2 protein chains.
Amino acid sequence: MSKVHNYSAGPCILPQDVFTEAAKAVTDFNGIGLSILEISHRSKDFVAVMDEAITLVKELLNVPEGYTVLFLQGGASLGFLMSAYNMMPEGGKGAYVETGTWAKKAVKEAKLLGNVEVIASSADKNFNYIPKGYTIPSDADFLHLTSNNTIFGTQMKDFPKSDIPVVCDMSSDIFSRSVNVADFDIIYAGAQKNLGPAGATLYIVKDEVLGRVKRSIPSMLDLKVHAEKDSMFNTPPVYPIYVAMLNLRYMIKEGGLEAQQKKAEERAALLYNEIDSNPLFEGTTAVEDRSNMNATFVLTDESKKDQFDEMWQAANINGLKGHRSVGGYRASMYNALPIESVQVLVDVMKKLNS
Amino acid sequence: MSKVHNYSAGPCILPQDVFTEAAKAVTDFNGIGLSILEISHRSKDFVAVMDEAITLVKELLNVPEGYTVLFLQGGASLGFLMSAYNMMPEGGKGAYVETGTWAKKAVKEAKLLGNVEVIASSADKNFNYIPKGYTIPSDADFLHLTSNNTIFGTQMKDFPKSDIPVVCDMSSDIFSRSVNVADFDIIYAGAQKNLGPAGATLYIVKDEVLGRVKRSIPSMLDLKVHAEKDSMFNTPPVYPIYVAMLNLRYMIKEGGLEAQQKKAEERAALLYNEIDSNPLFEGTTAVEDRSNMNATFVLTDESKKDQFDEMWQAANINGLKGHRSVGGYRASMYNALPIESVQVLVDVMKKLNS
């Protein structure tokens, strides 16, 4: 197996079949004699791509009636601002659960638009756990969550019961498990983990949200504007959406989110089991909050660092270095990562201890 | 020549050589065994792409010292908002020249942030000319221009002399001619005409602009934030930027903007000459303001419509239908359109009159 074992934290690995078809469309799309890069976003061929991508998101996530699916731009970073703009009335309040770097950034942008109450935080332990048992203030206009924390390697296994509308940044674990979309008013996610390449951003919005807030919203930040134009208020990121559509097709062909969840659990079990049983390694997060997407761990004996780094690089493993906020290592195991790649890493870890 | 003659208004034709290389990178980028769609934006291979794209923009447009080049997202539609945010102090004023649909949208977004004075407009004649001879108010904080109007087919051949800072949306004619960057404080442009595929947006910003306005600006709309992070404040649209870089290389190889300008003038002369000499056609814009990028024209005898439509479609011409705001036809002739494609259209027009 000469293929690189790609543990990149995002943009990240996607299925080889998707790359093969995505490459073909760059030279000749649908056999129309044109590249997908040179066609109008209003051409029937691309409108069909957009429609199919939206339909497949609804199918995969079992999106109920009364929700709109949008493909926009700007990533979660613009989503922090857009979600607050669309949920926060003038003088309103947002309740935020602070579980890491991205949640903190969401808080920062929301503060420009109204009152923000951080109702729970794991900052006291460098975000190595998911806060639980907090009270959700009934006078807040919405609750903001981050489902998975790429940098710190934690994941919300269950979402809190909330009587107020819930907004969730699911950038880094969407499509890795089933979620009950009806529990959320806005779900947003940068594409570049389990959905597609960088450049597209998914929004799943309860229709009641559209136009709910009476403040002036700039057109590009107003979900109602985008919904009314079927994600074509402005020129959409054509190619990233096309590749996402191919990947959505692939996930359905592979058995949908049940199959993806099973694979995610198998990969995570294999790696965490090695981390826990190998005396040279230890995980950095609370065991019950461990992310199935991003496993963070450190060496117990720093003198082994050079040896370990040399060994995993020699095994053709890519992207294992931890984020500077945590140090150590981070194994990002998104949907398309084969369990064989995890086995290669586990073998290296075992060999280091032999 | 079985290749389609692609007159799309944007996203639009790019060079075949660019598509060939762009397709290769989707399966194996730089021979690293990974697709460009699955690598980290912080990997050395992509950082090199971003650096080269910025360097090539500076080279092609002869960008002087004291300017920063950024590759962001959101297209001109987000640029309308971002340019106003970065130029308009609290209680400030922007002076706008209203030359069409995009300029009107820029006015709309700027009004959310301060006072907007439309100092000149061609709305009285359905935007079929470029206003001239207007006075630029010295008390405005900036002047906003649109260099080319895709829908109405007009282009600013010269930019007005201004004593106040100038912002220009150059989405649809950037890289088709030389411009004196030093005359502008902000140039912005959606990539999907002469630069690359949809999904990336170019900003060329005078460094003095960064942080000039003291108001609170959301992070993603603050050019200073993006400049400080070298366009990597958030995950950039990796593939659209890569393809833009390939196309920038190609434009330099072809002789830079002088060569592009010569080709644009030749294509425009060939087509406008036919429009003017063929009694069955007439242009819709003032002759002196005709765009070299988008030629708009109508039939003088509507009874010929079906025949003409059948003929150009049979000639493998794509994307000639005019925008609904103007009707008739629009021939978009961006950098990569071969003059042979224009000749095919001219031959069809001649044949209709024979």
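Residues numbered from 1 in each chain as written. Chains lettered and ligands numbered in written order. Predicted model: local features only at pLDDT ≥ 70, side-chain atom pairs only at ≥ 80, totals over all residues.

Enquirer: Can you help me understand the overall build of chain A in this one?
Expert: A count of helices and strands for chain A gives nine helices and 14 strands. For 354 residues, the compact-globule estimate of 2.2 N^0.38 gives 20 Å, and the C-alpha radius of gyration of chain A, at 21 Å, lies within 12% of that figure. Projected onto its principal axes, the C-alpha coordinates of chain A cover approximately 65 × 55 × 30 Å. For chain A, the proportion of its 354 residues judged to be buried stands at 52%. For chain A, the share of sequence-separated contacts (at least 6 apart) that also reach a separation of at least 24 residues comes to 67%. (Helix = DSSP H or I, 4+ residues; strand = E, 2+ residues; numbered from the N terminus. Rg over C-alpha atoms; globule rule 2.2 N^0.38 Å. Buried ≥ 20, exposed ≤ 12 C-beta atoms within 10 Å, placed from the backbone. Contact = placed C-beta atoms within 7 Å.)

Enquirer: I tried to follow the sheet that holds strand E3 (residues 93-98) of chain B on my own but got confused; where do I start?
Expert: Two orientations exist for strands paired in a sheet by backbone hydrogen bonds: parallel and antiparallel. Residue and element names in this part refer to chain B. If you trace the seven strands from one edge of the open sheet to the other, you get E2-E10-E9-E8-E5-E3-E4, paired in mixed fashion. The strands lining the two open edges of the sheet, one partner per strand, are strand E2 (67-72) and strand E4 (115-121). Strand-to-strand twist in this sheet, taken as the mean axis angle between neighbours without regard to direction, amounts to 15°. Sheet topology note: the E3/E4 ladder contains six bridges and is parallel. From the neighbouring strand, Glu-98 faces E4, where its bridge partner is Ser-121. In this fold helix H2 (residues 44-61) packs onto E2 and strand E10 (201-206), with an angle of close to 130° to the strand it touches most, E2. (Pairing = 2+ DSSP bridges. Axes fitted to C-alpha atoms, helices over the stretch in contact; angles between N-to-C directions.)

Enquirer: How should the relation of the copies chain A and chain B be read in this particular structure?
Expert: Both copies of the chain are related through a single rotation about an axis accompanied by a shift along the same axis. Rotating chain A by 180° and translating it 0.0 Å along the rotation axis places it on chain B, where the RMSD comes to 0.0 Å. Here the two chains are linked by the operation of a two-fold rotation axis. Taking C-alpha positions as reference, the residue of chain A nearest the rotation axis is A:Ala23, located at 2.3 Å. Comparing interface residues between copies, 100% of those in chain A also lie at the interface in chain B; the contact surface is shared. (Least-squares fit on C-alpha atoms with pLDDT ≥ 70 in both.)

Enquirer: I'm lost on helix H9 (residues 339-352) of chain A in this one. Help?
Expert: Residues and elements named next belong to chain A. Spanning 14 residues, H9 covers 20 Å between terminal C-alpha atoms, matching the ideal 20 Å at 1.5 Å per step. Buried within H9 are the following residues: Ser-341, Val-342, Leu-345 and Met-349. For H9, the arc enclosing every buried residue in end-on projection is 105°, short of the 170-degree limit, so these residues lie on one face. Opposite the buried face of H9, by more than 90 degrees, sit the exposed residues Glu-340 and Lys-351. Packed against the buried residues of H9 are strand E1 (5-6), helix H7 (256-277), strand E11 (281-283), helix H8 (305-314), strand E13 (317-318) and strand E14 (329-332). (Expected span 1.5 Å × (residues − 1). Arc of directions from axis to C-beta.)

Enquirer: Before we go on, may I ask you to explain unusual backbone geometry in this structure?
Expert: Most peptide bonds take the trans configuration, and most residues that are not glycine carry a negative phi. Residue A:Pro11 is bonded to the preceding A:Gly10 through a cis peptide linkage, with omega at -5°. Checked against the element boundaries, A:Pro11 lands in the loop between E1 and helix H1 (16-27). Its identity as a non-glycine residue notwithstanding, B:Asn30 has a phi of 55°, on the positive side. Positionally, B:Asn30 belongs in the loop between helix H1 (16-27) and H2. In this model, B:Asn126 sits at a positive phi of 50°, which is unusual for a non-glycine residue.

Enquirer: Sorry, what's going on with the sheet that holds strand E11 (residues 281-283) of chain B here?
Expert: Residue and element names in this part refer to chain B. Here three strands make up an open sheet; going across it, the order is E11-E12-E14 and the pairing antiparallel. Across the chains shown, the open sheet's two edge strands, defined by having one partner strand only, are E11 and strand E14 (329-332). Strand-to-strand, the axes of this sheet are offset by a mean angle of 35°, without reference to chain direction. Note: E11 against strand E12 (residues 294-299), three bridges, orientation antiparallel. Bridging from a neighbouring strand, Phe-281 pairs with Leu-299 of E12.

Enquirer: Is there a simple way to think about the domain arrangement of chain A in this case?
Expert: A common way to express how large an interface is: the accessible area buried when the components associate. Residues and elements named next belong to chain A. Domain parsing of chain A yields domain 1 (16-253) and domain 2 (257-352). Each partner contributes residues to the interface: domain 1 has 22 residues there, and domain 2 has 22 residues. Elements supplying a minimum of two residues to the side of domain 1 that touches domain 2: strand E6 (148-149) and strand E7 (154-155). Counted by class, the side of domain 1 that touches domain 2 contains seven nonpolar, 12 polar and three charged residues. (Domains from an automatic or database assignment. Nonpolar A, V, L, I, M, F, W, Y, C, P; charged D, E, K, R; others polar.)

Enquirer: Teacher, can you tell me more about the interface of chain A and chain B here?
Expert: Of the residues lining the interface, 50 residues belong to chain A; the matching set on chain B comes to 50 residues. Elements with a contribution of two residues or more to the side of chain A that touches chain B: H1, helix H3 (75-87) and helix H6 (238-253) of chain A. In terms of residues, the side of chain A that touches chain B owes the most to one element, H1(A), which gives six residues. Looking at the side of chain A that touches chain B, its residues break down into 26 nonpolar, 21 polar and three charged.

Enquirer: What is the right way to read the environment of B:Thr146 from this model?
Expert: Among the secondary structure elements, B:Thr146 is positioned in strand E5 (residues 142-146). Remark: the alpha-carbon pair of B:Thr146 and B:Ala9, spanning 137 residues in sequence, is separated by 16 Å.

Enquirer: Explain helix H4 (residues 101-110) of chain B to me, please; I cannot follow it from the model alone.
Expert: The periodicity of an α-helix, 3.6 residues per turn, causes residues three or four places apart in sequence to face the same way. Residue and element names in this part refer to chain B. In terms of residue burial, H4 counts as a mostly covered element, since seven of its 10 residues are buried. Regarding H4, the residues found buried are Trp-102, Ala-103, Lys-105, Ala-106, Val-107, Glu-109 and Ala-110. Looking at the buried side of H4, the elements it contacts are helix H3 (75-87), E3, E4, E5, strand E6 (148-149) and strand E8 (166-169).

Enquirer: Any chance you could explain the confidence of the model for chain A here in plain terms?
Expert: Residues shown with low pLDDT carry predicted positions that ought not to be read at fine detail. Scored by pLDDT, chain A has a mean of 97; 99% of the residues are at 70 or more. Interface confidence in the predicted complex, given as ipTM, is 0.98; pTM for the same model is 0.98. (pLDDT = per-residue confidence, 0-100.)

Enquirer: How should I be thinking about the packing of H7(A) against H9(A) in this particular structure?
Expert: Packed helices, taken two at a time, are described by their axes: the angle between them and the distance between them. All names here are of chain A. Contact pair H7 / H9: the axes reach a minimum separation of 10 Å and the direction vectors enclose 0°. Relative to H9, H7 is oriented roughly parallel. On the side of H7, the interface is formed by Glu-266, Arg-267, Leu-270, Leu-271 and Glu-274, while H9 contributes Ile-339, Val-342, Gln-343, Leu-345, Val-346, Met-349 and Lys-350. In the contact of H7 with H9, the residues fall into seven nonpolar, one polar and four charged. (Parallel < 35°, antiparallel > 145°, perpendicular 65-115°, else oblique.)

Enquirer: Got a minute to help me understand the environment of A:His41 in this structure?
Expert: Structurally, A:His41 can be placed in the loop between H1 and helix H2 (44-61). Linking A:His41 and A:Asn234, residues 193 residues apart in sequence, is a C-alpha distance of 9.5 Å. Once residues lying within four places of it in the same chain are set aside, the contact partners of A:His41 are A:Phe46, A:Met232, A:Thr235, A:Pro236, A:Val238, B:Pro11 and B:Ala198.

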